[in-house]
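Listed here are the chains, written in short residue letters.
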Amino acid sequence: EENLKPKALWLSQVGLSNDQIAKVIASFPALLGYSIEAKMKPTVQWLLDIGVGQERIANAIANKPQLLGYSLQEKMKPTVRWLADIGMDELQIARVISTFPPLLGCSLEQNLKPTVQTLRDQGLTQP
């Protein structure tokens, strides 16, 4: 209970409805152990900083609450750097993350890089 109320309040401030909050906590109870100040706020702020809109962030958390548990330094920032390295601009990166937030949880080495390489091997080129 002492962890639940502040997390629920914070999630509502991010933009989640009461129904979404209930589903998030039921589907990902580990969230109750996360620090709002040290873990969750920095993630949301970083997403805002890279151009993901507040409503999209709320929807992303509602659909993939694990997003709040991903490491900014070890997982999310390297993925965004890699997206830039393969030629995406800031707007494209924000759109991709807004559309498919689980991308930030994918392994670069075991998933994203091999997938893109396979597509390139099959003839996909950048516009």
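Not measured: the values here are computed from a predicted model.

*Asks:* Mind showing me how you'd approach the overall build of the protein here?
*Replies:* Each helix and strand in the protein was counted, giving seven helices and zero strands. Helices and strands in the protein line up, N terminus first, as α-α-α-α-α-α-α. Along the first, second and third principal axes, the C-alpha atoms of the protein reach 55 × 25 × 25 Å. For the protein, the proportion of its 127 residues judged to be buried stands at 37%. Across the protein, every contact between residues at least 6 apart in sequence was considered, and the portion connecting residues at least 24 apart equals 70%. Total accessible area on the protein is roughly 7,600 Å²; 51% of this is exposed by carbon and sulfur atoms. Charge separation in the protein, taken as the distance between the mean sites of 13 positive and 12 negative side-chain charges, equals 2 Å.

*Asks:* Sorry, what's going on with the nonpolar core here?
*Replies:* The tendency in soluble globular proteins is for nonpolar side chains to be buried side by side. Judged by nonpolar contacts, the single largest core of 39 residues is most densely connected at Leu11, Leu16, Leu31, Leu47, Ile61 and Leu104. Every element with two or more residues in this core is listed here: helix H1 (4-14), helix H2 (18-27), helix H3 (36-49), helix H4 (54-63), helix H5 (72-85), helix H6 (90-99) and helix H7 (108-121). Filtering out sequence-adjacent residues up to four positions away, isoleucine 61 remains in contact with Leu11, Val14, Leu16, Val24, Val44, Leu67 and Leu68.

*Asks:* Help me out: how do you make sense of H6 in this one?
*Replies:* One turn of the α-helix equals 3.6 residues, which is why residues spaced by three or four share an orientation. Of the positions making up H6, those classed as buried are Ile93, Ala94, Ile97 and Ser98. Along H6, the residues classed as buried sweep out an arc of 130° about the axis, all on the same side. Looking at H6, the residues exposed on the side facing more than 90 degrees away from the buried face are Leu91, Arg95 and Thr99. If you follow the buried residues of H6, they end up packed against H3, H4 and H5. By the N-cap criterion, in which a side-chain oxygen at the helix start approaches the backbone nitrogen of a residue two or three places on, H6 is capped by aspartate 89, the distance to leucine 91 being 3.1 Å.

*Asks:* In this structure, what is going on with the environment of leucine 103? I would like to understand it.
*Replies:* With respect to the element layout, leucine 103 can be found in the loop between H6 and H7. Non-local contacts of leucine 103, meaning those with residues more than four positions away in its chain, are made with Thr79, Leu83, Val96 and Leu112.

*Asks:* What am I meant to see in the packing of H3 against H4 here?
*Replies:* Axes are the key here: two packed helices are described by the angle between their axes and the distance separating the axes. It is the contact of H3 with H4, at a shortest axis distance of 10 Å, that shows an interaxial angle of 135°. Judged on the interaxial angle alone, H4 and H3 are oblique. Judged by the twist between their axes, the crossing of H3 over H4 is right-handed. Residues Val44, Leu47 and Leu48 of H3 form the contact with H4, whose own contacting residues are Gln54, Ile57 and Ile61. Of the residues belonging to the contact of H3 with H4, the class tally is five nonpolar, one polar and no charged.

Calculation rules
Residues numbered from 1 in each chain as written. Predicted model: local features only at pLDDT ≥ 70, side-chain atom pairs only at ≥ 80, totals over all residues. Heavy atoms only, no water. Helix = DSSP H or I, 4+ residues; strand = E, 2+ residues; numbered from the N terminus. Buried < 20%, exposed > 50% of the residue type's maximum accessible area, 1.4 Å probe, protein only. Contact = heavy atoms within 4.5 Å. Areas by Shrake-Rupley, 256 points an atom, 1.4 Å probe, with all protein chains shown as cover. Lys, Arg positive; Asp, Glu negative; His and termini not counted. Charge placed at Lys NZ, Arg CZ, Asp CG, Glu CD. Core = buried A, V, L, I, M, F, W, Y, C linked by side-chain atoms within 4.5 Å. Arc of directions from axis to C-beta. Polar contact = N/O pair within 3.5 Å; in protein donor to acceptor, adjacent residues only side chain to side chain. Axes fitted to C-alpha atoms, helices over the stretch in contact; angles between N-to-C directions. Parallel < 35°, antiparallel > 145°, perpendicular 65-115°, else oblique. Left-handed = near helix turned anticlockwise from the far one by under 90°. Nonpolar A, V, L, I, M, F, W, Y, C, P; charged D, E, K, R; others polar.

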